[in-house]
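Below are the chains, spelled out letter by letter.
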Amino acid sequence: MADYKITLLKGDGIGPEIVDQAVKVLDKAADKFGFTVEYDEALLGGCAIDATGVPLPDETVAKCKASDSVILGAVGGPKWDDQPGNNRPEAGLLGIRGALGLFANLRPSVIFGPLKSASPIKDEIIGDNMDIMIVRELTGGIYFGERGKSDDAAWDTEKYSVAEIERIARVAFDMAMKRNKKLTSVDKANVLESSRLWRKTVIEVSKDYPEVELNHMYVDNCAMQLVRNPKQFDVIVTSNIFGDILSDEASMIAGSIGMLASASLSGGKLGLYEPIHGSAPDIAGLGIANPLATILSVAMMLRYSLNQPEAAVAIENAVAKVLVENRTPDIFEEGLNKVTCSEMGDLVCQAL
Ligand code: IPM
Ligand code: MG
């Protein structure tokens, strides 16, 4: 029996090509660091709708639950735009997050040295080592609240319980303790009742973390501060929808959405690891997608779920090294080697 059993949810669009590269790199890391991995594939998103009629078949949930962790490519595409809301590929993604209890979404925004020039923000504003960790609540709030529609109206509800806020706050405080001990909690407590409870609960939890410097910021101000002075942030904790929006913004500050990884964690070891970008149907199958966000998600998996921190660091270093001279088209700069998705995977393996 292999040391780790990993379920692959390749998904739609560029999902399969990028996950294939991540598997290559994980196999190489396994060789080098002396562990074994066994894979199983399951359907999620549009490909699952095509094959079974629903975006999240029961079999997929069962396979994920029986594994040590899950690697996800991306889901969605114009082909499924006419599906009713609860049968869209995206509903499959929300469904798997809920079914596996993945309430904590870690979205690091870091600049890889050689990519600094890809950021639309001025050099002096970014500084030399921008490194923000967004901790997004992932199984509550308006994404999962009561929704409905009548003939001339539609509604979604933002609702958080104290228990939901407490557990995500603890993840964020624990993360801050391992980093620079600075936590910004983002809400809209000047308007929303749910945000006032959020703020009150985060303050309660902070009593257990006297070393962490906590501040609170309204989400509109945070959106502005992220481009005005990103260096002020270390860990940010926020609700599902605010985290969705702010993490896209933070990823662009770091240069390319094609570079950023994410981890979705439950209380236990099982996690789901995916790039934060989408399925990019316009370039699917052309072999030009950037696989690095998925490869870096494998590094996060090794760190947070499989307890192989050395392999995680080795992959991150290999990516940094390869980027000095090699780029996929999305981050290409004149004078460097332009490489395909699969060549990028091979290069990271070689550097490992
Ligand atoms: C993300 C995505 C998803 C979300 C979509 C595809 C449902 O934007 O992971 O950030 O909104 O959570
Ligand atoms: Mg998003």
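Residues numbered from 1 in each chain as written. Chains lettered and ligands numbered in written order. Predicted model: local features only at pLDDT ≥ 70, side-chain atom pairs only at ≥ 80, totals over all residues. Heavy atoms only, no water.

Draft legend 1. Focus on empty space enclosed by the protein. In this structure the tally under the stated criterion is 2 cavities of 30 Å³ or more. Each pocket or cavity is described by its volume, and for the largest cavity that value is around 50 Å³. Lining the largest cavity are Glu-158, Tyr-160, Val-186, Asp-187, Leu-192, Ser-194, Ser-195, Trp-198, Ser-239 and Phe-242. Elements that contribute at least two residues to the lining of the largest cavity include exactly β8 (182-187) and α7 (193-206). Among the elements that make up the lining of the largest cavity, the one with the highest residue count is α7 (3 residues). Class assignment for the residues of the lining of the largest cavity results in 5 nonpolar, 3 polar and 2 charged. Of the pockets and cavities examined, the second largest cavity occupies roughly 40 Å³. Arg-107, Pro-108, Ser-109, Ile-134, Ser-247, Ala-250, Leu-260, Ala-261 and Ile-276 together form the lining of the second largest cavity. At the level of secondary structure, the elements contributing two or more residues to the lining of the second largest cavity comprise β4 (104-110) and α9 (240-253). Per element, the largest residue contribution to the lining of the second largest cavity is 3 residues, and it comes from β4. (1 Å grid on protein atoms, 1.4 Å probe; cavity = no way out; pocket = protein on both sides within 12 Å on 5 of 7 lines; lining within 4 Å. Points joined across faces, edges and corners; volume = space filled by probe spheres on them. Helix = DSSP H or I, 4+ residues; strand = E, 2+ residues; numbered from the N terminus. Nonpolar A, V, L, I, M, F, W, Y, C, P; charged D, E, K, R; others polar.)

Draft legend 2. Spotlight on unusual backbone geometry. We note that Lys-181 has phi near 60 degrees; this positive angle belongs to a residue other than glycine. One can find Lys-181 in the loop between α6 (162-178) and β8. Judged by its relative accessible area of 29%, Lys-181 is partly exposed. Not every positive phi belongs to a glycine, and Ala-280 is a case in point at roughly 40 degrees. Relative to the helices and strands, Ala-280 is located in the loop between β12 (271-275) and α10 (292-304). (Buried < 20%, exposed > 50% of the residue type's maximum accessible area, 1.4 Å probe, protein only.)

Draft legend 3. Inspection of the environment of Cys-341 at higher detail. Of note, Cys-341 is situated in helix α12 (residues 341-351). Cys-341 sits in the buried class, given a relative accessible area of 1%. Once the C-alpha coordinates of Cys-341 and Ile-203 are considered, the two residues, 138 residues apart in sequence, prove to be 45 Å apart. Ignoring sequence-local partners within four residues, the contact set of Cys-341 consists of Glu-17, Ile-18, Gln-21, Gly-287, Ile-288, Ala-289, Pro-291 and Thr-328. (Contact = heavy atoms within 4.5 Å.)

Draft legend 4. Geometry of the state of the cysteines. Applying the stated rule across the entire model yields 0 disulfides. Summary of cysteine pairing: Cys-64 is not part of a disulfide, and the nearest cysteine sulfur, belonging to Cys-47, is at 12 Å. (Disulfide = S-S within 2.5 Å.)

Draft legend 5. Examining the domain arrangement of the chain more closely. The assigned domain composition of the chain is domain 1 (1-119 + 258-352) and domain 2 (140-147 + 154-253). For domain 1 versus domain 2, the distance between C-alpha centres works out to 25 Å. At the junction of the two partners, domain 1 supplies 12 residues and domain 2 supplies 13 residues. For the pair domain 1 and domain 2, the two sides together bury roughly 1,100 Å², of which 68% comes from carbon and sulfur. The interface formed by domain 1 and domain 2 holds 3 residue pairs in polar contact (both at pLDDT 80 or more) in total. Of all the secondary-structure elements, those providing two or more residues to the side of domain 1 that touches domain 2 are α4 (89-99) and β4. The element contributing the most residues to the side of domain 1 that touches domain 2 is β4, with 4 residues. Of the residues that constitute the side of domain 1 that touches domain 2, the class distribution is 8 nonpolar, 3 polar and 1 charged. (Domains from an automatic or database assignment. Buried area = accessible area lost by both parts, 1.4 Å probe. Polar contact = N/O pair within 3.5 Å; in protein donor to acceptor, adjacent residues only side chain to side chain.)

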